[in-house]
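# Secondary and tertiary structure notes
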Amino acid sequence: MIEEYELEQGNFYIEDVNRELCTNIPSELDMGKVYTRLIVDTLYPDEDYIEGILRIYNDEICITLDDYNNGAYYEPSYVIARAYKNGEF
């Protein structure tokens, strides 16, 4: 899969946050649920789950969701899906 989808190692450090703005970093499971709902909520009729995953993970919305200083990941799933479809929060 790594070669087929040309996945690359990143250098993102999850705990690099402003502790005044983010007192609780969400767990991997918490963020997995956020991304799963976004993928399912925006899945195209002719798209499989792998294609949906790649589409979402290659979108700029990940930058916003993974920035724990802004709290976008706490928004209801329909708000996150609408922000994805509109191209902005």
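Residues numbered from 1 in each chain as written. Predicted model: local features only at pLDDT ≥ 70, side-chain atom pairs only at ≥ 80, totals over all residues. Heavy atoms only, no water.

## Notes on the overall build of the protein
- Scanning the protein from N- to C-terminus turns up four helices and zero strands.
- Ordered by position from N to C terminus, the α and β elements of the protein give α-α-α-α.
- Along the longest, intermediate and shortest principal axes, the C-alpha atoms of the protein span 45 × 30 × 20 Å.
- Out of the 89 residues belonging to the protein, those deemed buried represent 28%.
- Pairs at least 24 residues apart make up 54% of the contacts formed inside the protein by residues separated by at least 6 positions.
- Surface accessibility of the protein: about 6900 Å² in total, with carbon and sulfur atoms responsible for 49%. (Helix = DSSP H or I, 4+ residues; strand = E, 2+ residues; numbered from the N terminus. Buried < 20%, exposed > 50% of the residue type's maximum accessible area, 1.4 Å probe, protein only. Contact = heavy atoms within 4.5 Å. Areas by Shrake-Rupley, 256 points an atom, 1.4 Å probe, with all protein chains shown as cover.)

## Describing the environment of Cys 22
- Among the secondary structure elements, Cys 22 is positioned in the segment before helix H1 (28–42).
- The class of Cys 22 is buried, set by a relative accessible area of 3%.
- In this view, Cys 22 contacts Val 17, Tyr 68, Asn 69 and Tyr 73; residues no more than four positions away in its chain are not counted.

## Quick look at helix H4 (residues 77–86)
- Among the residues making up H4, those that are buried are Val 79, Ile 80, Ala 81, Ala 83 and Tyr 84.
- Close packing links the buried residues of H4 with H1, helix H2 (49–57) and helix H3 (61–65).

## Focus on the nonpolar core
- Counting residues in hydrophobic clusters, the biggest one holds 18 residues, and the most contacted among them are Leu 38, Ile 61 and Leu 65.
- Of all elements in the fold, only H1, H3 and H4 reach the threshold of two or more residues within this core.
- In terms of residue count, H1 provides more of this core than any other element does, five residues in total.
- Apart from the residues lying within four places of it in its own chain, the contact partners of Leu 38 are Ile 56, Ile 61, Leu 65, Ile 80, Ala 81 and Tyr 84. (Core = buried A, V, L, I, M, F, W, Y, C linked by side-chain atoms within 4.5 Å.)

## Observations concerning the packing of H1 against H4
- In contact at an axis separation of 9 Å, H1 and H4 are set at 60° when each is read in the N-to-C sense. As far as their axial angle goes, H4 and H1 are oblique. The interaxial crossing formed by H1 with H4 has right-handed handedness. When H1 is examined against H4, the residues Val 34, Arg 37, Leu 38, Asp 41 and Thr 42 are found in contact with a partner set consisting of Ser 77, Ile 80, Ala 81, Tyr 84 and Lys 85.
- Its residues placed into classes, the contact of H1 with H4 shows five nonpolar, two polar and three charged. (Axes fitted to C-alpha atoms, helices over the stretch in contact; angles between N-to-C directions. Parallel < 35°, antiparallel > 145°, perpendicular 65-115°, else oblique. Left-handed = near helix turned anticlockwise from the far one by under 90°. Nonpolar A, V, L, I, M, F, W, Y, C, P; charged D, E, K, R; others polar.)

## With respect to the pattern of salt bridges
- Considering all chains together, one arrives at one salt bridge under this definition.
- Where Arg 55 meets Glu 47, a salt bridge forms, and the shortest distance between an N and an O atom there is 2.9 Å. Each member of the pair, Arg 55 as well as Glu 47, carries the same accessibility label: buried. (Salt bridge = Lys/Arg side-chain N within 4 Å of Asp/Glu carboxyl O.)

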